[in-house]
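Listed here are the chains, written in short residue letters.
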Amino acid sequence: MNDDLIKRIRDFNRYYTVWLEVMNKEYLETGFSWAESRVLFEIHICPGINATGLCEHLNMDKSYISRILMKFEKRGLLTRELMPGSKGLKKIWLTGAGEKIAHQINRNGNQQIVEKLKMLDEDSCIKLCEAMECIKKVLSESEKGGERE
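Residues numbered from 1 in each chain as written. Predicted model: local features only at pLDDT ≥ 70, side-chain atom pairs only at ≥ 80, totals over all residues. Heavy atoms only, no water.

**Q** Go over the packing of helix 2 (residues 34-45) against helix 3 (residues 51-58) with me, naming the residues and quoting the values.
**A** At a minimum axis distance of 11 Å, the contact between helix 2 and helix 3 shows a crossing angle of 115°. Here helix 2 runs over helix 3; the crossing is right-handed. Residue-level contacts link Arg38, Val39, Glu42 and Ile43 of helix 2 to Leu54, His57 and Leu58 of helix 3. Of the residues in the contact of helix 2 with helix 3, the class split is four nonpolar, one polar and two charged. (Axes fitted to C-alpha atoms, helices over the stretch in contact; angles between N-to-C directions. Helix = DSSP H or I, 4+ residues; strand = E, 2+ residues; numbered from the N terminus. Left-handed = near helix turned anticlockwise from the far one by under 90°. Contact = heavy atoms within 4.5 Å. Nonpolar A, V, L, I, M, F, W, Y, C, P; charged D, E, K, R; others polar.)

**Q** Report on unusual backbone geometry, specifying residues and quantitative values.
**A** What you tend to see is this: most non-glycine residues have negative phi, and most peptide bonds are trans. Phi angles above zero are rare outside glycine, and Glu29 is one such case at about 55°. With respect to the helices and strands, the residue Glu29 is situated in the loop between helix 1 (3-20) and helix 2. By relative accessible area, Glu29 is classed as exposed at 68%. (Buried < 20%, exposed > 50% of the residue type's maximum accessible area, 1.4 Å probe, protein only.)

**Q** So what's going on with the environment of Leu69? Residues and values would help.
**A** Take Leu69: it is sitting in helix 4 (residues 62-74). When the C-alpha positions of Leu69 and Glu36 are compared, they lie 8.8 Å apart, and in sequence the two are 33 residues distant. Non-local contacts of Leu69, meaning those with residues more than four positions away in its chain, are made with Val39, Ile43, Ala51, Leu54, Leu78, Arg80 and Ile92.

**Q** Run through the side chain of Glu36, naming residues and quoting values.
**A** Mapped onto the elements, Glu36 comes out in helix 2. Residue class for Glu36 comes out buried when judged on its relative accessible area of 11%. Dropping the residues within four chain positions of it, Glu36 is found in contact with Ile68, Lys71 and Phe72.

**Q** Quick one: what's the story with helix 5 (residues 96-117), residue by residue and with numbers?
**A** A rise of 1.5 Å per residue sets the reference length of helix 5, with its 22 residues, at 32 Å; its end C-alpha atoms lie 32 Å apart and thus fit the reference within 8%. Among the residues making up helix 5, those that are buried are Gly98, Ile101, Ala102, Ile105, Gly109, Gln112 and Leu117. Seen from one end, helix 5 has its buried residues packed into an arc of 115°, which puts them on one side. Of the residues in helix 5, the exposed ones pointing more than 90 degrees away from the buried face are Gly96, Lys100 and Arg107. At its buried positions, helix 5 is contacted by helix 1, helix 2, strand 2 (90-94) and helix 6 (122-145). (Expected span 1.5 Å × (residues − 1). Arc of directions from axis to C-beta.)

Dropping the structure here:
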């Protein structure tokens, strides 16, 4: 891949993370960072997932996930249940308080998109979604295909 392509991709990534406001201390007015919000929401959509599954699915460092989970557990947002015969592996579930925040993340995330795209007409929104689907497809295929030059 040439330097110009790398520069253009990195430029888009910088633009998009700023556009999504993921660098703010409190993402989507939750009191949590973007990474913490993403972990909490992942547990919401995958109830009973374990820490290893979270690390693999989100491609996050094990120690970082562990610190986030401990923070959530101390705040009463999740519980862990030992999986029988698993040598210490625990399933993770959100408590009622955790579910409430997950719903807030979902609601606020939807509202954020509505607000940011309210000036676009439906055709422009469709084109945007098609472009996003194309990006997702190309990246997914590149992961499956291994490394290429």
